Structures are given as C-alpha cells and as structure tokens.
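# Fold and contact review
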Amino acid sequence: MNKKEILKLLEKEKIDYIYEEHPPVFSMEDLFSLNPEHGKDIALTLFLRDDKKKNYYLLSTDRSMKPDLKALKHILGTRPLSYASDRDFERILRLKKESASLFGIFNDEEQSVEAVIDIRFQNRLIGLHPLINTATVFLKGDDLYRLLQEKGISVRWAEFRQFI
C-alpha cells in the first residue's frame, strides 16, 4: 500500500480522519519541531523481532514511552526482543525506516507481524504516517483497531504506561 491507498481505504471504511502534510521528517524530534496541532496524539512506532527472528511486532505507543526491550518482552509474552533491521523494514513492510507506521502492516503479505497499540489510544486520536514521512493521519485509535481486525490482521491493545 501507499499513501493514496491508505486514504482510500479509510474513506471506503467510512473512518473519519484528519490529514496533515508537512516537510519530510526523519525523527520524532523533527516532527515535533513543526509544532503539529495534534502533537500529543502522534504515536511512536517500534518494529521489533524476537531473538529467533520468528515473531515480529509493530508497536504504536505514546511518544513519551522510553522503550525498554526487557520490559516489552514481558508485556508481549515473547522471547528476548531487539529492533528489526532496516532490511526487515524493507523486506516485510516494504518501507523505509523513516516512514515507519502501523499502517505498514498492510504491506505484510505473509501476515507475520502482530500489531500492538498502546491502550492510551483507546477513545482518543492516534497520529500515524500514511507510509510516507511528509504527512500524518489522525484517526480514532478504536477505529484503527477495528480496521485491522476486520482486515484479518493480528492486533492487540497493550498497557505500556508503567514504562514511561
């Protein structure tokens, strides 16, 4: 999928969203330097894998989270975790690292990646790149969760609050 297809999917599924274009960003710092209107709702995206490279996880969490891979291992109930490589981004999600987004899971043809959404996005907006780093899409976290479920994607809510 690409940006156009993501937006078309949201419209087809009648999911309300806010679309904001911006200059290219390569980090969360870049994005927040633009002072986006819905900045508190922008998700930090982490692409993780277990030590056997059998299980992959695409996490969208509150940007204030300081990732602790040992703690995440316990939350996800998995083997030891590490960050997926740039090669994995391209091979599995067909994305460049700077365009990381939970929407990338739609490019996982083998459905080998599990989506994990921070429970703090329930009943509020979540901001994600639409597979390009020059825009951000804001939609309700519950709508995103439902959409992923309806498309047959493994998704779950997770409590990350204690690791901030």
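Residues numbered from 1 in each chain as written. Predicted model: local features only at pLDDT ≥ 70, side-chain atom pairs only at ≥ 80, totals over all residues. Heavy atoms only, no water.

Next up on the list: helix H5 (residues 141–150). Taken together, the buried positions of H5 are occupied by Gly141, Asp143, Leu144, Tyr145, Leu147 and Leu148. The elements touched by buried residues of H5 are helix H1 (3–12), strand E5 (113–118), strand E6 (125–128), strand E7 (135–140) and strand E8 (155–158). (Buried < 20%, exposed > 50% of the residue type's maximum accessible area, 1.4 Å probe, protein only. Helix = DSSP H or I, 4+ residues; strand = E, 2+ residues; numbered from the N terminus. Contact = heavy atoms within 4.5 Å.)

So, about the nonpolar core. In terms of nonpolar packing, the biggest core is built from 35 residues, with Phe47, Phe103, Ile117, Leu144 and Leu148 touching the most fellow members. Discounting chain neighbours no more than four positions away, the residues touching Phe47 are Tyr56, Tyr57, Leu58, Ser82, Tyr83, Ala84, Asp88, Phe89, Ile92, Leu93 and Val113. (Core = buried A, V, L, I, M, F, W, Y, C linked by side-chain atoms within 4.5 Å.)

For the rest of this paragraph, the subject is the pattern of salt bridges. Per the counting criterion, the structure on display carries 14 salt bridges. Across the salt bridge formed by Glu13 and Lys151, the nearest N and O atoms sit 3.3 Å from each other. In this pair, Glu13 is assigned in the loop between H1 and strand E1 (17–21) and Lys151 in the loop between H5 and E8, connecting sequence segments 138 residues apart. Given a relative accessible area of 21%, Glu13 falls into the partly exposed group. Taken together, the shared-partner salt bridges connect Lys40, Asp41, Asp62 and Arg124 into one network. (Salt bridge = Lys/Arg side-chain N within 4 Å of Asp/Glu carboxyl O.)

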